[in-house]
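# Understanding the architecture of this molecule
Here is what each chain is made of, one letter per residue.
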Amino acid sequence: MTYLRACSLSVLQEDVPKRVELNGVPVAIVRTDEGVFAVNDICSHANVSLSEGEVEDCMIECWLHGSSFDLRTGKPSGLPATKPVAVYPVKIEGDDVLVSVNQES
């Protein structure tokens, strides 16, 4: 499994998504009180950036239609989205947030 540096841990504000691109894959990085999570930044219902939405209770909301996705599993909480978004493994090394986009969990 190959991990790529996504950003510094110190730049992540709690419950504020940060969009990065790793090997051409759009990724939303989110720091919560449960840890740091990485999910595919594109809503599975519409071609919309999830990192522009709000985060609450370890869920990221798509700002366009209101579907929320669990940051731990990628599963949607309800309609209109029915398919999960990819969740990527995250490692923290010092102040570096590392993400493996070639390995979905």
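Residues numbered from 1 in each chain as written. Predicted model: local features only at pLDDT ≥ 70, side-chain atom pairs only at ≥ 80, totals over all residues. Heavy atoms only, no water.

Looking at an unreviewed UniProt entry, one finds the chain named Non-heme iron oxygenase ferredoxin subunit and attributed to Kitasatospora terrestris.

Here we take up the UniProt feature "domain: Rieske" (unreviewed entry) in the chain. UniProt's entry tags residues 4–99 with the feature "domain: Rieske" (unreviewed entry), counted in the numbering of this structure. Each end of residues 4–99 is marked by a C-alpha atom, and these two atoms are 5 Å apart; helix forms 0% of the span and strand 44%. (UniProt positions renumbered as here; feature names shortened; annotations may be inferred. Helix = DSSP H or I, 4+ residues; strand = E, 2+ residues; numbered from the N terminus.)

Let us now look at the packing of aromatic side chains. A full pass over the atoms with the stated rule returns zero aromatic pairs. Its end group placed over the ring of tyrosine 3, lysine 91 keeps NZ or CZ at 4.4 Å from the ring centre. (Phe/Tyr/Trp six-rings, centres within 6.5 Å; stacked < 30°, edge-to-face > 60°. Lys NZ or Arg CZ within 6 Å of the ring centre and 35° of its normal.)

With antiparallel pairing, four strands are arranged side by side in an open sheet as 2-3-4-8. Strand pairing shows two members of the sheet lacking a second neighbour, strand 2 (18–22) and strand 8 (87–88), which therefore form its edges. Relative to strand 4 (residues 35–40), strand 3 (residues 25–32) is paired through six bridges, and the arrangement is antiparallel. What sits directly across from valine 27, in strand 4, is asparagine 40. (Pairing = 2+ DSSP bridges.)

Our next topic: unusual backbone geometry. Along the chain, leucine 79 connects to proline 80 via a cis peptide bond; the corresponding omega equals 10 degrees. Looking at the secondary structure, you find proline 80 in the loop between strand 7 (68–70) and strand 8. A positive phi is found at aspartate 15, a non-glycine position, where the angle reads about 65 degrees. Tracing the chain through its elements places aspartate 15 in the loop between strand 1 (4–8) and strand 2. With a relative accessible area of 30%, aspartate 15 lands in the partly exposed category. Residue asparagine 23 is not a glycine yet carries a positive backbone phi of 50 degrees. Inspection of the secondary structure puts asparagine 23 in the loop between strand 2 and strand 3. (Buried < 20%, exposed > 50% of the residue type's maximum accessible area, 1.4 Å probe, protein only.)

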